[in-house]
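For reference, the chains in residue letters:
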Amino acid sequence: MAKQFFNYLVIGGGSGGIASARRAALLQPSLKIAVIEKSRPGGTCVNVGCVPKKVMFMTAAVNEALHDAKDYGFEIAKKNQFDWAMLKEKRDAYVKRLNGIYKNNLAKDNITYIEGAATFTGPHTVSVDGVEYEGEHILIAVGGTPTLPNIPGAEMCDTSDQFFEWETLPEKVLVVGAGYIAVEIAGILHNLGVDTTLVARRGAILRTFDEDVAKNLMSEMSDAGQKVQYHTTPDAIEKAEDGTFTFKGTVREPEQEPKQITLEGFEKVLFAIGRHPLTETLGLDKAGVDMDNRGHILVDEYQQTSAERVYAVGDVCGKALLTPVAIAAGRHLSHRLFNKEADRKLDYKNIPTVVFSHPPIGTIGLTQAEAEEKYGAENIKIYQSKFTNMYFAMTTRKPKTYMKLICKLPEEQIVGLHVVGLGADEMLQGFSVAVVSGATKKQFDSTVAIHPTSAEEFVTMNWGLSV
């Protein structure tokens, strides 16, 4: 059988791949375009990432609000009954509906959808279930998958993927990891009433975030009763006779001798210690595509790989592992390839990020440490504020909101903006536009505040007085 030819062949039907394919179809409707996907369309984000995770974040937030209800004068007639099975069914149905929407949108754009796993057989040819396809341009957007540690018993544990398969809500869970996925899942479980312990290898969580941001979240988690075991490395997971899991690890606190620790009685153990790219079975050597020692595809600033007319976007590149980044990079690439915009590329400098922790985090730009390294400590000015959100004026619990602006002197351009607290996830997008546009503290100060809101603190903070 002769090879089927496409002008644009996209391997991976996740957010980045589909966004690039659809933008190419919009720019040049006459192009022959295909998307190859071995699993469900939508990739990690739709199926086992952002979308179902946000549903679970909101579920936990509803439970928080129910606990606050009495402080606002509402009497809950009976003990809250949470139906995990019902929620899972509705959440899964929502994801399935999104899968269908993705497929339908591809069909509307006359993009061929090919189900199966692709393997390169040559520089511009791939095989899917024995059928050969040729692409004038090929985009690799296969994403990544969670990593399990190389320790005894790890095969019995879950990852963030399996979290969304749980049929019942466990009573006691151990989450291992200190990145945003681990923090988010631990927060969801804790706020749904699960006895949850988070195990972190170092003395802090979210170590790539601004130190003050991480410290404030750690403080809020502690005040909320979230258990965190710091300075602990997993050594083994064992299964007890009653079916529960036992965690064995080593605690290595600074200036102290290492000691062994045993934590018992967990219904589930979930590892969220990182992700690795899905490149092992692609046959990239046949295409002449170079990778780093972790399997990430090496690309330049235009998403170009080492092979001519072969490109890569998203998690498979190992940089800024966020769905909107993959989407933006994929669309920029299509403009460059199919709309004669030779210099079109994604600027990775200011990428807004939200952690759906409890409370959530919003951040864009440089951390204080990064700003000091880049510009010198004497050339930056820090503004910060900590206060109680008005929502909690009526409630027994009093979580704090923390905000921080990092400004570069002498013009006080805002090069970092960070917030921890209720509503941080929703307020960040608008402020991100300002930071990307090069806004200064003076411009923030000259903006009339919206009162009463938490967001107004960013435009009234210290009124020109540094902290």
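Structure first, text after, so check above.
Procedures and definitions
Residues numbered from 1 in each chain as written. Predicted model: local features only at pLDDT ≥ 70, side-chain atom pairs only at ≥ 80, totals over all residues. Heavy atoms only, no water. Helix = DSSP H or I, 4+ residues; strand = E, 2+ residues; numbered from the N terminus. Rg over C-alpha atoms; globule rule 2.2 N^0.38 Å. Buried < 20%, exposed > 50% of the residue type's maximum accessible area, 1.4 Å probe, protein only. Contact = heavy atoms within 4.5 Å. Areas by Shrake-Rupley, 256 points an atom, 1.4 Å probe, with all protein chains shown as cover. Lys, Arg positive; Asp, Glu negative; His and termini not counted. Charge placed at Lys NZ, Arg CZ, Asp CG, Glu CD. Polar contact = N/O pair within 3.5 Å; in protein donor to acceptor, adjacent residues only side chain to side chain. Expected span 1.5 Å × (residues − 1). Pairing = 2+ DSSP bridges. Axes fitted to C-alpha atoms, helices over the stretch in contact; angles between N-to-C directions. Left-handed = near helix turned anticlockwise from the far one by under 90°. Nonpolar A, V, L, I, M, F, W, Y, C, P; charged D, E, K, R; others polar. Core = buried A, V, L, I, M, F, W, Y, C linked by side-chain atoms within 4.5 Å. Parallel < 35°, antiparallel > 145°, perpendicular 65-115°, else oblique. Salt bridge = Lys/Arg side-chain N within 4 Å of Asp/Glu carboxyl O. Disulfide = S-S within 2.5 Å.

Time to look at the overall build of the protein chain. Within the protein chain, the secondary structure is distributed over 13 helices and 21 strands. Over its C-alpha atoms the protein chain spans a radius of gyration of 24 Å, differing by no more than 12% from the 23 Å that the globule rule assigns to 467 residues. By principal-axis analysis of the C-alpha atoms, the protein chain measures approximately 70 × 65 × 50 Å. Each of the 467 residues in the protein chain was classed as buried or not, and the buried ones make up 51%. Here the contacts in the protein chain between residues at least 6 apart in sequence split such that 64% fall between residues at least 24 apart. Carbon and sulfur atoms make up 51% of the accessible area of the protein chain, which amounts to about 22700 Å² in all. Taking the average location of the 50 positive side-chain charges in the protein chain and that of its 58 negative ones, the two points are 4 Å from each other.

For the rest of this paragraph, the subject is the side chain of Q303. Relative to the helices and strands, Q303 is located in the loop between helix 8 (284-287) and strand 16 (310-312). Side-chain polar atoms of Q303 contact the side chain of Y348, separated by 2.8 Å. Each residue touching Q303, except ones within four places of it in the same chain, is listed here: Y311, A312, V313, C317, A329 and Y348.

Quick look at helix 7 (residues 211-223) now. Two residues of an α-helix separated by three or four positions point the same way, owing to the 3.6 residues in each turn. The end-to-end C-alpha separation of helix 7 is 18 Å, in line with the 18 Å expected for 13 residues at 1.5 Å each. Two or three places before D212, at the start of helix 7, stands the capping residue D210, its side-chain oxygen 3.0 Å from that residue's backbone nitrogen. Of the residues flanking the end of helix 7, it is G225, one or two places downstream, whose phi is positive at about 90°.

So, on to the sheet that holds strand 14 (residues 268-271). The strand order across the open sheet formed by 4 strands is 10-9-8-14, and the pairing between neighbours is parallel. Two strands in the sheet have a free side with no partner beyond their single neighbour: strand 10 (227-229) and strand 14. This sheet shows a mean twist of 20° between the axes of neighbouring strands, independent of strand direction. In the sheet, strand 8 (residues 172-176) pairs with strand 9 (residues 195-199) via 5 bridges, with the strands oriented parallel. Counterpart to V176 in the pairing with strand 9 is V199.

Let us look at the packing of helix 3 (residues 50-68) against helix 6 (residues 180-191). At a minimum axis distance of 8 Å, the contact between helix 3 and helix 6 shows a crossing angle of 35°. Between helix 3 and helix 6 lies a crossing whose hand is left-handed. Contact with helix 3, carried on its side by K53, M56, F57, A60, N63 and E64, involves E184, I188 and N191 of helix 6 and no other residues of that element. For the contact of helix 3 with helix 6, the residue count by class is 4 nonpolar, 2 polar and 3 charged.

Attention now goes to the nonpolar core. In this structure, F163, V175 and I205 are the most contacted members of the largest nonpolar core, which totals 35 residues. Counting only elements with at least two residues in this core, the list comes to helix 3, helix 4 (84-108), strand 8, helix 6 and helix 7. Tallying contributions element by element places helix 6 first for this core, with 6 residues. Leaving out residues up to four positions away in the same chain, I205 has contacts with A178, V183, L198, A200, A214, L217, M218, M221 and Y230.

A few words on the packing of helix 1 (residues 15-27) against helix 4. At a closest axis distance of 10 Å, the pairing of helix 1 and helix 4 adopts a crossing angle of 25°. Taken together, the axes of helix 1 and helix 4 are roughly parallel relative to one another. When you trace helix 1 past helix 4, the crossing you get is left-handed. Contacts between helix 1 and helix 4 involve S15, I18 and R22 from the first element and Y102, N105 and L106 from the second. Here the contact of helix 1 with helix 4 is built from residues that sort into 3 nonpolar, 2 polar and 1 charged.

Here we come to the environment of A2. Within the fold, A2 resides in the segment before strand 1 (4-11). Judged by its relative accessible area of 63%, A2 is exposed. Note: C-alpha distance between A2 and E134 (132 residues apart in sequence) is 9.8 Å.

What follows concerns the pattern of salt bridges. Evaluated as defined, the whole model comprises 19 salt bridges. With a shortest N-O distance of 2.8 Å, R397 and D68 are connected by a salt bridge. Placement of the pair is R397 in the loop between strand 19 (380-388) and strand 20 (400-408) and D68 in helix 3, with a sequence separation of 329 residues. Residue classification places R397 among the partly exposed positions, given a relative accessible area of 31%. For K248, the salt bridge is made with E238, and the minimal N-O distance between the two is 3.5 Å. With K248 in strand 12 (residues 245-251) and E238 in strand 11 (residues 232-239), the pair connects residues that are 10 residues apart, well separated along the chain. Here K248 falls in the partly exposed class, since its relative accessible area comes to 33%. Here the salt bridges do not stand alone but share partners, grouping K88, R91, D92 and E167 into one network.

Glancing now at the state of the cysteines. Tallying each qualifying case throughout the model produces 0 disulfides. Just so you know, C317 is unpaired, no disulfide at all, and the nearest cysteine sulfur is the one on C50, 17 Å from it. Of the residues examined, C317 reaches a relative accessible area of 15% and is grouped as buried.

For the rest of this paragraph, the subject is unusual backbone geometry. Of note, the bond from H358 into P359 is cis; its omega dihedral lies within 30 degrees of zero at 5°. Residue position: P359 is located in the loop between strand 17 (353-355) and strand 18 (361-365). Omega for the bond connecting H451 with P452 falls within 30 degrees of zero, at -5°, which places this linkage in the cis form. At L206, a residue that is not glycine, the phi angle is positive and equals roughly 50°.

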